[in-house]
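Observations on the three-dimensional arrangement
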Amino acid sequence: MSISFRQPVSRPMVRWRRPLLWGIGALLVLELLYNLVLVTGFLATVINHFTKERPRVEWSRAWSLVPGYVHVRDLKLRHEGDNGAFWQLDMGEVRVNLSLFALLKRQLKASSVDVHGLQVRIQPGKQDPGQEKPKSPPPSNPWQVLLHGIHVHEVRQVDWNQFRLIGITEASGSMELVPRQRVSIRDARVQFGTGQILYAEETVAQVEKGSGEFSLEAKRQESEGLDLVAGMTDGRFQFSASHPPLHEMPRLMSRFSGLSLKGGAGRLDIDLHVKDGCLAPGTQIKGSGAPVQMSLGPLRLKAPWKLHSDVYTPGEGGDRLGMKLSLGPARVEGGEWPSMETAEVAVLMGAKAPRLDQSPQDAHLEIHTEQLQAQWGGATMSGQVHVEVDAKRMDIERGSVELHGSRVRFEDVAVRTGDDEERNWEGQLTFPEASLDLSPFSAKGRFSGSFSNAVPIVSLLTFKGALPGVLGPLLKANNLSVSGAVAMGEDSLKATGLRAKAEGLELRGTAESAGGGAPHAVMLVKLGILSVGVETGQGDTHVQILHPSSWYAEKTGEKTE
């Protein structure tokens, strides 16, 4: 007789075991299918189809061991906009907690994203006022990319146009993207380590340390499209950096057409505050460096530098950017041009606080010197010079500057000529029209002005203080007013339509100098009821007493009546 120890299986257990096995089997099948669409890239193909590749998603490998937790390698997101604009994110390895149910609602949604190795590329589009608007409106029910809890380790590089930043160690935040409609980045934080800033593959700064935080909310505007810069609602970036001598950055310096810069290696401490894509109050930029040599046409300036810049809110109007660049002690020379020395040249700039991607607009420049010592041939001059420039149409990159309305003031000036006679004077010159081209160097404009006496004008026209006797009364002419036009090249100077008037004195004339030599000047001088013609040049002076007006008209082609 045999005895069986097998216990009969209860019917309730049989009832739930079979569905359990079917459930486990279904989950395994779903997991298999889930990994199949990941490994083959079918999911990326579906997403790109419905988003019309805005953005385009692709990867080299992807798998999942637990539903929703996805491992991805070589993940790339790329969005191409209008006029050649695009942005691209390349990620080495990604672990993401992906919502499977959100895919059914046309959402690529993740509650956490952990990235190791990130490269960012942003290329702004070219501005074209005549560009056509998109032929079709954005889709009414587009796919959405909703990535929350992003943590990035090792940001390899960030490229913006021709600039590249290397050295971001960590970044975090969240991003929401609706193609062709909006981009949102919230609570973004970045940490800088030792790194570099490059321009066109050329190192322009060594970053020592820094940090940043910002939020961005960019919505597509019918006329402007998706403006990422204006969408930066608030932010702050702090970092310290040093830069090499300027001549070791030829590609960056080539943007300043006609202006040659050498030396000037230094250090910058930067604290940028951003509001709605513009620099905001709280911004501070400080720096200093070794002597820099600037060459513009025949003129050369050499001096160490200090920089201080900030953004402030005046009593009226919007935020303003202020900057002070101090150069000193400074020396300016240029062959046969006057050599000048001063303890400091201060360059002050005021402008509307600019966007992050634009140069300052509505700029006003002022240049002030401490006591200036100058040599002009046989004349020694000292005093203070103040220059005011309305540089609204300044375009250094294209090598042109319009200086209409600029003014030059001379204060507490003394002039000593060859006979050791010293005469103090002051005055100002105003340029209703003036322009400057940097490459090749040239300048032209109309001017008018007033001086306490004629010493500077005579010294200028006669170059080395060789005053002909007939011009002696000019030295005693007070309350002098002048006007004319001037054109200047690298080694030439031409003044036409010269007019000077003082008590008992009138002068008209032209003057021209080339190759650094003494100028050739033709003048008609009226002293009371007496008129004489004067021609100077190459050390010779000719005085025309008979029919001076006819002689002057013949020499210059200018009517005197």
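Before reading further, recall that the structure is shown in the block above.
This write-up is about the structure you can find in this document. Being a predicted model, the structure only gives us computed values, none of them experimental. (Residues numbered from 1 in each chain as written. Predicted model: local features only at pLDDT ≥ 70, side-chain atom pairs only at ≥ 80, totals over all residues. Heavy atoms only, no water.)

Here's the deal with the pattern of salt bridges
Tallied over the entire structure, the rule returns 24 salt bridges. Note that R164 is salt-bridged to D159, the shortest N-O span being 2.8 Å. Judged by relative accessible area, R164 falls into the partly exposed class, the value being 22%. Looking at D159, the relative accessible area reads 10%, which means it is buried. With its nearest N and O atoms 3.4 Å apart, the salt bridge here joins R508 to E558. Taken together, the residues R508 in strand β30 (residues 505-514) and E558 in the segment after α6 (548-556) connect sequence positions 50 residues apart. Each of the salt bridges in this network shares a partner with another, and the network as a whole consists of E176, R182, R186 and E217. (Salt bridge = Lys/Arg side-chain N within 4 Å of Asp/Glu carboxyl O. Buried < 20%, exposed > 50% of the residue type's maximum accessible area, 1.4 Å probe, protein only. Helix = DSSP H or I, 4+ residues; strand = E, 2+ residues; numbered from the N terminus.)

Topic: unusual backbone geometry
Omega for the bond connecting G328 with P329 falls within 30 degrees of zero, at -5 degrees, which places this linkage in the cis form. Relative to the helices and strands, P329 is located in the loop between β16 (320-327) and β17 (330-334). Notably, E201 is not glycine yet its phi reads approximately 70 degrees, a positive angle. If you trace the backbone, E201 turns up in the loop between β8 (182-199) and β9 (202-219). For E201, a relative accessible area of 57% puts it in the exposed group.

Points about the packing of aromatic side chains
Pairs of aromatic rings are described using the distance from one ring centre to the other and the angle between the two planes. With the rule as written, the count across this model stands at five aromatic pairs. On the basis of an interplanar angle of 50 degrees and a centroid distance of 6.2 Å, the ring pair of F192 and F239 is categorised as tilted. With F192 in strand β8 and F239 in strand β10 (residues 232-243), this residue pair connects regions lying 47 residues apart in the sequence. Between F431 and F447, the aromatic rings sit 6.3 Å apart at their centres with planes inclined by 55 degrees, giving tilted as the arrangement. With F431 in strand β26 (residues 422-438) and F447 in strand β27 (residues 441-453), this residue pair connects regions lying 16 residues apart in the sequence. Residue classification places F431 among the buried positions, given a relative accessible area of 17%. A residue is classified by how much of its surface remains accessible, and F447, at 14% relative accessible area, is buried. (Phe/Tyr/Trp six-rings, centres within 6.5 Å; stacked < 30°, edge-to-face > 60°.)

Description of α6
One full turn of an α-helix is made of 3.6 residues, so residues set three or four places apart face in the same direction. Those residues of α6 that fall on the buried side of the exposure criterion are P548, W551 and Y552. Axial view of α6: buried residues confined to an arc of 100 degrees, hence all on one face. Facing away from the buried surface of α6 by more than 90 degrees, the exposed residues are S550 and E554. Packing partners of the buried residues in α6 comprise β30, β31 (520-527), β32 (530-537) and β33 (540-544). Trailing α6 by a residue or two, G557 shows a phi angle of about 75 degrees, which is positive. (Arc of directions from axis to C-beta. Contact = heavy atoms within 4.5 Å.)

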